[in-house]
Protein chains: 2
Amino acid sequence: MVRKGLLIVVSGPSGAGKGTICKRLLENNPQMKISISATTRKPRAGERNAVNYYFISEDKFKRMIYEQKFLEYAIVYDNYYGTPEQYVIDNLQNGNDVLLEIDIVGALQIKKKFKDAVFVFILPPSLEELKNRIVGRGTEKLSDIEKRYDAAISEIKQVMKYDYVIVNDNVSEAVQDIEAIMRAEKRKVLRNYEEILLRF
Amino acid sequence: MVRKGLLIVVSGPSGAGKGTICKRLLENNPQMKISISATTRKPRAGERNAVNYYFISEDKFKRMIYEQKFLEYAIVYDNYYGTPEQYVIDNLQNGNDVLLEIDIVGALQIKKKFKDAVFVFILPPSLEELKNRIVGRGTEKLSDIEKRYDAAISEIKQVMKYDYVIVNDNVSEAVQDIEAIMRAEKRKVLRNYEEILLRF
């Protein structure tokens, strides 16, 4: 009954494990499209251009802002992050589900533009575990780690602005939760009303 | 994270196949509880007391109304139907999910009392198929069949008052849809906010 794709926005504090969950979700659902963000920050070890992010210069990023090519963008820890618009719109119109893994500032901008997107917040199992994960990542300076931890605490308070919340106790369970959320959302009356009127 | 059970209300027009779907759903999920309605109508062939319905006299039904023992009740085709309250409340408080398969009039009464219940509307694959099913049931007089068909058409217009809609093209898919809806609903932020505040 559904012809338009679903935009599913996954976010949550740093260290909640949303990257791992999204990776597994895409592996299990090869028909899903992932929106790749652009950023001006330097790649971390193992990150690749056009896979993890489009790593672009600040000049190029600013030109894209000027040309209104972002669905949302934000400055986080002195770096620019943004979601190129065209890819998302094209896929949704073609009936493909699109996954957006973004920070909370970005997610709330998306919410203003896409009333019918689905917002999922990923929480770490506990605050202790969150701290361990941020430290364990080992790619940050100590001051950055503290910044991230403090930011995470205040970000968790934003959960009320989301539709769904998943505590990442177990990656497989979390992925199955998102799959169930997507299936359920496609059965929402509000997403199917026109189709029902045509059929009955 | 969820401690209170979920009340899932499945309804839709006669002939949409909601009985078959609910039966299969319960077979797949033996931990779910089904609320058995009371009715004053005569059992159809094969129906058993305390399995399909509590078949009770009109006198007893009226006494239960007077004693406020129904969550909802309605008069449909000159028969009384009602949902005994105690069983539903007890199970929800014990953390059990409760399935209620009821007509649309009853469902809308439940909606007033249980703001956080989940309302699923089952549609037949088409109007032609709906007519075939009502006729094919073979337990009704012709005048009842016509009444049911006309009622079904106007009932379908009530779909907007529900949360989810499932077209019963395929029973297994419909059951999986309801399972996904239940899983997704348990991840709703509004159902988990208190728990999140305790943990973070």
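Residues numbered from 1 in each chain as written. Chains lettered and ligands numbered in written order. Predicted model: local features only at pLDDT ≥ 70, side-chain atom pairs only at ≥ 80, totals over all residues.

Asks: Outline the overall build of chain A, listing residues and values.
Replies: Tallying secondary structure elements over chain A gives eight helices and nine strands in all. In terms of C-alpha radius of gyration, chain A reaches 17 Å, essentially the compact-globule figure of 16 Å for 200 residues. For chain A, the spread of C-alpha atoms along the three principal axes comes to 60 × 40 × 30 Å. Per-residue burial over chain A gives 36% buried out of 200 residues. Of all intrachain contacts in chain A linking residues separated by at least 6 positions in sequence, the fraction that spans at least 24 positions is 70%. (Helix = DSSP H or I, 4+ residues; strand = E, 2+ residues; numbered from the N terminus. Rg over C-alpha atoms; globule rule 2.2 N^0.38 Å. Buried ≥ 20, exposed ≤ 12 C-beta atoms within 10 Å, placed from the backbone. Contact = placed C-beta atoms within 7 Å.)

Asks: Explain the sheet that holds strand β6 (residues 79-84) of chain A residue by residue, including any values.
Replies: All names here are of chain A. Read across the open sheet, the four strands follow the order β4-β3-β6-β5; overall the sheet is mixed. Unpaired on one side and paired on the other, β4 (54-55) and β5 (70-76) mark the two borders of the sheet. With two bridges joining them, strand β3 (residues 38-39) and β6 adopt antiparallel strand pairing. Looking at the pairing, Ala38 lines up with Gly82 of β6. Of the strands in this sheet, β5 and β6 touch helix α3 (residues 85-93), which is tilted by about 25° from β6. Across the face of the sheet, helix α4 (residues 104-113) comes into contact with β5 and β6 while running at roughly 155° to β5. (Pairing = 2+ DSSP bridges. Axes fitted to C-alpha atoms, helices over the stretch in contact; angles between N-to-C directions.)

Asks: Would you mind going over the environment of Ile36 of chain B in detail, with residue names and values included?
Replies: Residue and element names in this part refer to chain B. Of note, Ile36 is situated in the loop between β2 (33-34) and β3 (38-39). For Ile36, a count of 17 C-beta atoms within 10 Å puts it in the partly exposed group. Along the sequence, Ile36 and Leu100 sit 64 residues apart, while their C-alpha atoms lie 7.7 Å from each other.

Asks: Explain unusual backbone geometry to me, using residue names and the numbers behind them.
Replies: The backbone phi angle of Gln68 of chain A is positive, close to 55°, even though this residue is not glycine. The exposure class assigned to Gln68 of chain A is exposed, which follows from the 8 C-beta atoms found within 10 Å.

Asks: I'd like to hear about α4 of chain A, residue by residue, with values.
Replies: All names here are of chain A. Of the residues making up α4, those classed as buried are Ile104, Gly106, Ala107 and Ile110. Down the axis of α4, the smallest arc covering the buried residues is 150°, so these residues share one side. Next to the buried residues of α4 lie β1 (7-11), β5, β6, β7 (98-101), β8 (118-123) and α6 (142-156). (Arc of directions from axis to C-beta.)

Asks: Outline the sheet that holds strand β8 (residues 118-123) of chain B, supporting the account with residue identities and numerical values.
Replies: Residues and elements named next belong to chain B. One open sheet holds the five strands; their spatial order is β2-β7-β1-β8-β9, and the pairing between them is parallel. The two strands at the open ends of the sheet, each matched to only one other strand, are β2 and β9 (164-167). Sheet topology note: the strand β1 (residues 7-11)/β8 ladder contains four bridges and is parallel. By the bridge assignment for β8, Val9 is matched with Phe119. In the packing of helix α1 (residues 18-28) onto the sheet, contacts are made with β1, β2, β7 (98-101) and β8, and the angle to β7 comes to roughly 165°.

Asks: Which residues make up the relation of the copies chain B and chain A, and what values go with them?
Replies: Rotating chain B by 180° and translating it 0.0 Å along the rotation axis places it on chain A, where the RMSD comes to 0.0 Å. With respect to symmetry, the two chain copies, as superposed, fit the operation of a two-fold axis. When each C-alpha of chain B is compared by its distance to the rotation axis, Ala180 of chain B comes out closest, at 2.2 Å. In this assembly the copies share their binding face: 100% of the residues contributing to the interface of chain B also contribute to that of chain A. (Least-squares fit on C-alpha atoms with pLDDT ≥ 70 in both.)

Asks: Go over the pairing of β8 of chain A with me, naming the residues and quoting the values.
Replies: Residue and element names in this part refer to chain A. In terms of residue burial, β8 counts as a mostly covered element, since six of its six residues are buried. The alternating pattern of β8 places Val118, Val120 and Ile122 on one face and Phe119, Phe121 and Leu123 on the opposite face, and all of these are buried. Where β8 and strand β9 (residues 164-167) come together, four bridges link them in parallel fashion. Within β9, the residue paired with Ile122 across the bridge is Ile166.

Asks: An account of the interface of chain B and chain A is requested, with residue identities and associated values reported.
Replies: Each partner contributes residues to the interface: chain B has 25 residues there, and chain A has 26 residues. Breaking the side of chain B that touches chain A down by element, the ones donating at least two residues are β9, α7 (171-185) and α8 (189-199) of chain B.

Asks: Would you mind going over the pairing of β1 of chain B in detail, with residue names and values included?
Replies: Residue and element names in this part refer to chain B. Burial analysis of β1 places five of its five residues in the buried class, which makes it a mostly covered element. Both faces of β1 are covered, namely the face carrying Leu7, Val9 and Ser11 and the face carrying Ile8 and Val10. Relative to β7, β1 runs parallel, the two being bridged by four bridges. Paired with Val10 across the bridge in β7 is Glu101.

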